[in-house]
Amino acid sequence: AQSVTQLDSQVPVFEEAPVELRCNYSSSVSVYLFWYVQYPNQGLQLLLKYLSGSTLVKGINGFEAEFNKSQTSFHLRKPSVHISDTAEYFCAVIRRSGAGSYQLTFGKGTKLSVIP
Amino acid sequence: EAQVTQNPRYLITVTGKKLTVTCSQNMNHEYMSWYRQDPGLGLRQIYYSMNVEATDKGDVPEGYKVSRKEKRNFPLILESPSPNQTSLYFCASSLRQGGPDEQYFGPGTRLTVT
């Protein structure tokens, strides 16, 4: 079975400091990788995605993520966070699970708190 | 504007009183799904639909029903709600099930069952 592990449930960080939110997945087949962000009292929205090609993916709001196939990781990074980045971040993985069928799995989320 | 809408946004009800949460998308997406979000458990899929009249169970389907009579609508039905169904519910849609497509989420429905 596919699993997605977000290693930290909460990450506090000071404003303008760098941050890395970690995501590891288990899959023996090719995957597609996503990061979603959920701001307080809102639904989830796409931050960035990796489908193929360059392993470094840039998203909205200055975030980027790197796909590492050998370590089965897709960690999210930002060099300098702002108060407005306070939100919950979800890693998600899509893999092919059968003929014409795909399985989508979300991680349990990481709450990023930016401290002024 | 492309969007997924849910109604109501907040609902407080009592055990056993049937309720329906509506979900509608205006993007002509084939795939729609319902999730519940609980602290420490992340998002868990309740039901999904690959197209009209094609629905299937997700990870936590017990106590829920769905229907997909039109492409744009995917209501979630709780025939006899119980307190353990108190949660934050999200509807989502994507272009198709058979591809690496982005999910579009509604704003959420916070349900409290007393």
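Each chain has its residues counted from 1, running along the sequence as written. To label them, take the chains in the order written and letter them from A, then take the ligands in the order written and number them from 1. Only residues with pLDDT of at least 70 are given local features in this predicted model, and only at 80 or more are side-chain atom pairs given and counted; all residues enter the totals for whole chains, interfaces and linings. As a convention, hydrogens and water are excluded, and side-chain values are obtained from all of the structure's heavy atoms.

**Q** How do you make sense of unusual backbone geometry when you look at a structure like this?
**A** Note: most peptide bonds trans; most residues except glycine with negative phi. Each neighbour pair has its own omega, and for N7(B) with P8(B) the value is -5°, a cis peptide bond. The residue N61(A) is not glycine, and still its phi comes out positive at about 60°. Secondary structure is summarised from DSSP: a helix means a run of H or I of at least four residues, a strand means a run of E of at least two, and numbering begins at the N terminus for each. By the element assignment, N61(A) lies in the loop between strand 7 (56-58) and strand 8 (64-68). For N61(A), a relative accessible area of 41% gives the class partly exposed. Backbone geometry at E53(B) places phi at a positive 60°, although glycine is not the residue there. The cut-offs for exposure are 20% and 50% of the maximum accessible area for each residue type, with area from a 1.4 Å probe on protein chains only; residues under the lower value are buried, those over the upper are exposed, and the others partly exposed.

**Q** Which parts of the structure should I look at to understand the interface of chain A and chain B?
**A** Think of interface size as the accessible area that goes away when the parts come together; that is how it is often given. Every contact between the two is made by 20 residues of chain A and, on the other side, 19 residues of chain B. Once two parts are brought into contact, the accessible area they lose, counted with a 1.4 Å probe and summed over both, makes up the buried area. Taken over both partners, the interface formed by chain A and chain B buries close to 1500 Å², and the fraction arising from carbon and sulfur atoms is 57%. Think of a salt bridge as a Lys or Arg side-chain nitrogen and an Asp or Glu carboxyl oxygen that are within 4 Å of each other. The interface formed by chain A and chain B holds zero salt bridges in total. For this analysis, a polar contact is any N or O atom pair within 3.5 Å, provided that within protein one partner can donate a hydrogen and the other can accept it, and provided that sequence-adjacent residues contribute only side-chain to side-chain pairs. The tally of links from chain A across to chain B stands at two residue pairs in polar contact (both at pLDDT 80 or more). Of all the secondary structure elements, the ones that give two or more residues to the side of chain A that touches chain B are strand 5 (31-38), strand 6 (44-50), strand 10 (87-98) and strand 11 (101-106) of chain A. Class assignment for the residues of the side of chain A that touches chain B results in 11 nonpolar, seven polar and two charged. Here a residue-residue contact requires only that any non-hydrogen atoms of the pair lie within 4.5 Å. In this classification, the charged set is Asp, Glu, Lys and Arg, the nonpolar set is Ala, Val, Leu, Ile, Met, Phe, Trp, Tyr, Cys and Pro, and all remaining amino acids, among them Gly, are polar.

**Q** I'm lost on the layout of surface pockets in this one. Help?
**A** Looking at the largest pocket, its volume works out to about 610 Å³. A cavity here means a set of 1 Å grid points, computed over protein atoms only, where a 1.4 Å probe fits but cannot escape. A pocket is an open set with protein on both sides within 12 Å along at least 5 of 7 lines, and lining residues have an atom within 4 Å of a point. Around the largest pocket, the lining is made up of 32 residues, and of these Q38(A), E88(A), K111(A), Q37(B) and L88(B) lie nearest the centre. Those elements that provide at least two residues to the lining of the largest pocket are strand 10 and strand 12 (110-115) of chain A together with strand 4 (31-38), strand 9 (87-94) and strand 11 (109-113) of chain B. For the lining of the largest pocket, a count of residues per class yields 11 nonpolar, 15 polar and six charged. Grid points are joined across faces, edges and corners, and a volume is the space filled by probe spheres set on the points.

**Q** For this particular structure, what's the right way to read the side chain of T109(B)?
**A** Residues and elements named next belong to chain B. Positionally, T109 belongs in strand 11. Among the residues examined, T109 registers a relative accessible area of 0% and is labelled buried. There is a polar contact of 3.1 Å between the side chain of T109 and the side chain of Q6. Within the structure, the side chain of T109 is placed 2.7 Å from the backbone oxygen of P8, a separation counted as a polar contact. In this structure, T109 is in contact with Q6, P8, R9, V21, S87, L88 and Y89, ignoring residues within four places of it in sequence.

**Q** Help me out: how do you make sense of the sheet that holds strand 3 (residues 19-25) of chain B in this one?
**A** Strands belonging to one sheet form pairs held by backbone hydrogen bonds; the direction of such a pair is parallel or antiparallel. Residues and elements named next belong to chain B. Strands pair, by our definition, only if DSSP identifies at least two bridges between them. Read across the open sheet, the four strands follow the order 1-3-8-7; overall the sheet is antiparallel. In the strand order of this sheet, the two ends are held by strand 1 (4-7) and strand 7 (65-66), each with one partner. Where strand 1 and strand 3 come together, four bridges link them in antiparallel fashion. Note that in strand 3 the partner of V4 across the bridge is Q25.

**Q** Would you explain the confidence of the model for chain A in this entry?
**A** In low-pLDDT regions, the fine details of the predicted coordinates are not to be read closely. The predictor attaches a confidence to each residue, called pLDDT, with possible values from 0 through 100. Of all residues in chain A, 94% have pLDDT values of 70 or greater, and the mean over the chain is 91. Looking over chain A, one finds the lowest element-wise mean pLDDT in strand 11 of chain A, namely 80, and the highest in strand 3 (residues 19-21) of chain A, namely 98.

**Q** Would you explain the state of the cysteines in this entry?
**A** Here, disulfide denotes a covalent bond that connects the sulfur atoms of two cysteines. Any two cysteine sulfur atoms within 2.5 Å of one another count as a disulfide. Per the stated rule, a full pass over the model turns up two disulfides over all chains. At a sulfur-sulfur separation of 2.0 Å, the disulfide partner of C23(A) is C91(A). Between C23(A) and C91(A), the S-S torsion sits near -65°, and that sign places the bridge as left-handed. Here C23(A), found in strand 4 (residues 23-26), pairs with C91(A), found in strand 10; they are 68 residues apart in sequence, far enough to count as distant. For C91(A), a relative accessible area of 0% corresponds to the buried category. The side chain of C23(B) participates in a disulfide bridge whose partner is C91(B); the two sulfur atoms lie 1.8 Å from each other. Given an S-S torsion of about -70°, the disulfide between C23(B) and C91(B) has left-handed geometry. A residue pair is termed long-range when its members are at least 10 positions apart, and C23(B) in strand 3 and C91(B) in strand 9 qualify at 68 residues. The same class applies to C23(B) and to C91(B), which are both buried.

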